[in-house]
Amino acid sequence: MYERRAFLLAAEGIGQYKAYSKAEAVVEKLVEYSFGYYDGERKTWITYIESFKNKARETLLFTDSVKVIKPLIDVIKTTKNEDTKKYAAESLRIIGKGNLDAFQGLIDVFKTTDDNKTKKYVAETLEIIGKGVVYHK
């Protein structure tokens, strides 16, 4: 328990100390704790206990948002669980405002999902985070 608490504090600290050499690995692990991961050997999605997942999701909002966007998009693209997609999109809704990578990743999700609720939520999120996105040609 103390190890995980220390990890969450370190992940939150990355929001202040962005130059940490292992920041990307910590952020990827934080996203895993928040949403789970796909175990290819067992062919199943693995998740953690709800209270820890919720605390990890809270911590996502305080870590380096630029580093967390790609792993969040990867979760949305790979999970079959619509609730997980929604929670990840919700995180992007909060931290991805004006970020082109978040915007493009959600467009890809919108194009590939068949679930109408997910499409609606992603569309609403695109409207929110799309404000301030600068496109480069």
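Predicted, not measured: the structure shown is a model, and the values here were computed from it. (Residues numbered from 1 in each chain as written. Predicted model: local features only at pLDDT ≥ 70, side-chain atom pairs only at ≥ 80, totals over all residues. Heavy atoms only, no water.)

Draft legend 1. Quick look at the side chain of Lys53. Within the secondary structure, Lys53 is located in helix H3 (residues 50-60). Here the side chain of Lys53 touches Glu50 through a polar contact of 3.2 Å, side chain to side chain. Not counting residues up to four positions away in its chain, the partners in contact with Lys53 are Tyr33, Ser34, Thr47 and Tyr48. (Helix = DSSP H or I, 4+ residues; strand = E, 2+ residues; numbered from the N terminus. Polar contact = N/O pair within 3.5 Å; in protein donor to acceptor, adjacent residues only side chain to side chain. Contact = heavy atoms within 4.5 Å.)

Draft legend 2. Molecular detail of the packing of helix H1 (residues 2-13) against H3. Between H1 and H3, the least distance of the axes is 9 Å, while the angle of their chain directions is 15°. With respect to H3, the element H1 is oriented roughly parallel. As for how H1 packs across H3, the hand of that crossing is right-handed. Seen from H1, the contacting residues are Arg4, Arg5, Leu8, Ala11 and Glu12; seen from H3, they are Phe52, Lys55, Ala56 and Thr59. (Axes fitted to C-alpha atoms, helices over the stretch in contact; angles between N-to-C directions. Parallel < 35°, antiparallel > 145°, perpendicular 65-115°, else oblique. Left-handed = near helix turned anticlockwise from the far one by under 90°.)

Draft legend 3. Spatial organisation of the side chain of Thr113. Secondary-structure assignment places Thr113 in the loop between helix H6 (100-112) and helix H7 (116-129). Dropping the residues within four chain positions of it, Thr113 is found in contact with Glu82, Lys85, Thr118 and Lys119.

Draft legend 4. Expanded view of the pattern of salt bridges. Going through the model one piece at a time under the given rule, you end up with 10 salt bridges. Lys70 is paired through a salt bridge with Asp74; the nearest N and O atoms lie 2.9 Å apart. Residue Lys70 and its partner Asp74 are both found in helix H4 (residues 65-78); the two are separated by four residues, about one turn of the helix. Among the salt bridges present, the one from Arg93 reaches Glu124, with a minimum N-O distance of 3.6 Å. You can see Arg93 sitting in helix H5 (residues 82-95) and its partner Glu124 sitting in helix H7, a full 31 residues away along the chain. The partly exposed category is assigned to Glu124, whose relative accessible area is 30%. Several salt bridges converge on common partners, so that one network encompasses Arg93, Lys120 and Glu124. (Salt bridge = Lys/Arg side-chain N within 4 Å of Asp/Glu carboxyl O. Buried < 20%, exposed > 50% of the residue type's maximum accessible area, 1.4 Å probe, protein only.)

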